Amino acid sequence: MTDSDKNTRFGVIGTGRITRRLVADLQSTDGVEVTAIASRTSERARWYADQYGIAAAVEGYQSLLQRDDVDAVYISLPPSMHAEWSIASAEHGLHVLCEKPLAMSAKQASSIDLACQSHGVRWLDATGWLHHPRTTALRDWIRDGRLGQVGHVSAAVSFYQPFQSGDHRLDKALGGGCVLDLGWYVCGLVRFASQKLPLEVAADVVIREGVPQRLTAMLWLADGVTATVSCGYDTATRKWFEVAGTTASLICDDFTRPWAERPTRCWIHDASGKVEGHTFEGSQERAMISRLVSGQPLAEWQQAAIDTHLILDAIGDSITEGGRRVAVRQIVEERPVD
Ligand SMILES: NC(=O)c1ccc[n+]([C@@H]2O[C@H](COP(=O)([O-])OP(=O)(O)OC[C@H]3O[C@@H](n4cnc5c(N)ncnc54)[C@H](OP(=O)(O)O)[C@@H]3O)[C@@H](O)[C@H]2O)c1
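Report follows, based on the coordinates. (Residues numbered from 1 in each chain as written. Predicted model: local features only at pLDDT ≥ 70, side-chain atom pairs only at ≥ 80, totals over all residues. Heavy atoms only, no water.)

### Things to note about the pairing of strand 13 (residues 264–270)
The pairing of strand 12 (residues 248–252) with strand 13 spans 4 bridges and is classified as antiparallel. By the bridge assignment for strand 13, S249 is matched with H269. Pairing geometry for strand 13 and strand 14 (residues 275–280), over 6 bridges, is antiparallel. Residue pairing for strand 14: H269 is matched across the bridge by V275. Connecting the antiparallel pair strand 13 and strand 14 is a turn made up of 4 residues, with G273 showing a positive phi of about 95°. (Pairing = 2+ DSSP bridges. Helix = DSSP H or I, 4+ residues; strand = E, 2+ residues; numbered from the N terminus.)

This is the structure we're talking about:
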């Protein structure tokens, strides 16, 4: 990404809750440093910069893009702002690490991809779990037939009312609601476990305070494989999945992020009740950041992000049509952000 003997210098856009965690991850990744942080207000930028030992506090996101001490950005804004600032960053020749959901739609996601390609910069969505060393093992077990033939996938992610005052999750215009916020994880898990797009989906939501606060969906994949997903803000924390095969099931209760003070873990249950437990080491965020700055191909993760948006688009269509079973579009039409 940059000369191998130089650090990749990140500028951070936004000062939200997740920023704190990712700034620490950026600062503790080899070959990476955080040189600037931008906020809508100079006071907030200064407070964060002082708090986290970042040299430059910048007022306004545009000003950060124009600095000559930044090679890459980490964008932690509400979802409706991801495409605009990812594309603007690419246009300034900056590599992009953008929070999930990557965008508001597959078209926007594809526009980010196109902008980065045409400006010769690299991008990843900040979906840490996809980069955990465990994820490689999960993929190999599924792909190599460790479970027999996969027939069903289920995933559930929830947080009980994780809102702060004025939370963007409760503002539809900012991309709020659980469909994008948490549907990102469960639909991404189905895409990961099957390594393909579903053919059709049907979805239902519970709306409260103007945004979806619970999503339940069924997905139909090729060869008779099915999936069910559940996510929302009205049950206690869940972050689990099951991939059920003809000879065993793969079960995980922490796939989005390990539980605090507990090892990253998962289990293979066979038909006789035998349980094989596995634990793993490593920071998924540092692995993700290293991958972005490494120069390794990223197409696999980029396609996964665009595909996840295609699934979410179809879920949105089904919700709009009262839960009707609708087709998942397989290709994104290339056009600029709406
Ligand atoms: N990867 C993960 O594990 C993970 C976890 C949590 C959240 N996320 C994602 O990270 C993103 C940010 O989430 P968060 O929880 O950190 O959000 P947050 O606490 O609401 O912060 C969002 C930041 O965006 C900026 N912003 C600009 N315009 C805004 C507006 N109109 N309303 C609110 N904020 C505005 C603000 O920074 P300034 O005021 O400084 O400009 C604000 O601090 C979301 O896409 C979310 O899905 C990812």
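### Things to note about the side chain of R265
Within the secondary structure, R265 sits in strand 13. Polar contacts involving the side chain of R265 include one to the side chain of D253, which spans 2.7 Å. Those residues in contact with R265 that sit more than four places away from it in its chain are R134, C252, D253, D254, W259, H278 and T279. (Polar contact = N/O pair within 3.5 Å; in protein donor to acceptor, adjacent residues only side chain to side chain. Contact = heavy atoms within 4.5 Å.)

### Remarks on the sheet that holds strand 13
Ordered by their spatial adjacency, 9 strands build an open sheet running 14-13-12-11-7-10-9-8-15, and the pairing between neighbours is mixed. Sheet topology places strand 14 and strand 15 (326–327) at the edges, where each strand pairs with a single neighbour. Bridge analysis of strand 11 (residues 238–245) against strand 12 gives 4 bridges, and the strand direction is antiparallel. Bridged to V243 within strand 12 is L250. Packing against the sheet, helix 8 (residues 183–194) makes contact with strand 7 (150–158), strand 9 (211–220), strand 10 (226–232) and strand 11, and its axis sits at approximately 160° to strand 7. (Axes fitted to C-alpha atoms, helices over the stretch in contact; angles between N-to-C directions.)

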